[in-house]
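Geometric and topological summary
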Amino acid sequence: MTVSNISKITELTIYESPDGGRTVYARRPGSNHRELHLKDPELEKELADMKQQERWQFILAERKNNSELNHICEQAELLYELAKKPQ
């Protein structure tokens, strides 16, 4: 390999995506260090929604052991049911 060919190889950038293109990282050949190159804006919203759903699962499980939390959950359920009824 000539110096010219080695120079061309080191100038390359490798793009990798662990999630089918929603998040894209860039790195140099031979390096394990990668930097965020592109992130789908909808991905952040989806991740936040998933965290919120997980949080609610913990809240609903904990309400069995916490009477005040259970009372608030009952009120939220009532409000939800009233809000979805046609007026």
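Up top is the structure.
To keep things clear, this report deals only with the structure shown in the data block. Keep in mind that this is a model prediction, so the values were computed, not measured.

So, the side chain of R63
On the secondary structure map, R63 appears in the loop between helix 2 (41–62) and helix 3 (67–84). According to the relative accessible area criterion, R63 is buried, its value standing at 13%. Not counting residues up to four positions away in its chain, the partners in contact with R63 are L69, N70, C73, E74 and E77.

Observations concerning the pattern of salt bridges
One pass over the full model with this rule turns up seven salt bridges. Salt-bridge contacts for E44 lead to K39; the nearest nitrogen and oxygen are separated by 2.7 Å. Judged by its relative accessible area of 36%, K39 falls in the partly exposed class.

Thoughts on the pairing of strand 2 (residues 23–27)
On a regular strand, each side chain points to the face opposite its neighbour's, so the side chains alternate between the two faces of the sheet. Across the five residues of strand 2, four count as buried, placing the element largely inside the fold. Here strand 1 (residues 14–16) pairs with strand 2 via three bridges, running antiparallel. Within the sheet, the bridge partner assigned to E16 lies in strand 2 and is Y25. From the end of strand 1 to the start of strand 2, which pair antiparallel, there are six residues, and G20 there has a positive phi angle of about 70°. In the sheet, strand 2 pairs with strand 3 (residues 35–39) via four bridges, with the strands oriented antiparallel. Following the sheet pairing, T23 is matched in strand 3 by K39.

Some thoughts on the sheet that holds strand 3
With antiparallel pairing, the three strands of this open sheet are ordered in space as 1-2-3. Unpaired on one side and paired on the other, strand 1 and strand 3 mark the two borders of the sheet. Ignoring strand direction, the axes of neighbouring strands in this sheet form an average angle of 30°.

Brief notes about the packing of aromatic side chains
Within the structure shown, the criterion is met by zero aromatic pairs. Note that R34 overlies the ring of Y25, its terminal NZ or CZ placed 3.9 Å from the centroid.

Conventions used here
- Going along each chain's sequence as written, the residues are numbered from 1 onward.
- At least 70 in pLDDT is required for a residue's local features to be given in this predicted model, at least 80 for side-chain atom pairs to be given and counted, and no such filter applies to totals for whole chains, interfaces and linings, which use all residues.
- With hydrogens and water excluded, all non-hydrogen atoms of the structure serve as input to the side-chain values.
- By the criteria applied, helices consist of DSSP H or I runs no shorter than four residues and strands consist of E runs no shorter than two, each listed in order from the N terminus.
- Categorising residues by exposure relies on relative accessible area from a 1.4 Å probe, with only protein chains included: less than 20% of the type maximum marks a residue as buried, more than 50% marks it as exposed, and the intermediate range marks it as partly exposed.
- Contacts are assigned to residue pairs that have any heavy atoms within 4.5 Å of one another.
- What makes a salt bridge here is a side-chain nitrogen of Lys or Arg within 4 Å of a carboxyl oxygen of Asp or Glu, nothing more.
- Note on pairing: two strands pair once DSSP finds at least 2 bridges between them.
- Lines are fitted to the C-alpha atoms to define the axes, a helix being fitted only along its stretch in contact, and any angle between axes, read from their N-to-C directions, falls within 0 to 180 degrees.
- We call Phe, Tyr and Trp rings a pair once their centres come within 6.5 Å, taking the six-membered ring for Trp, and we label the pair stacked below 30 degrees between planes, edge-to-face above 60, and tilted otherwise.
- Think of it as a cone above the ring: NZ of Lys or CZ of Arg counts as a charge over the ring if it is within 6 Å of the ring centre and within 35 degrees of the ring normal.

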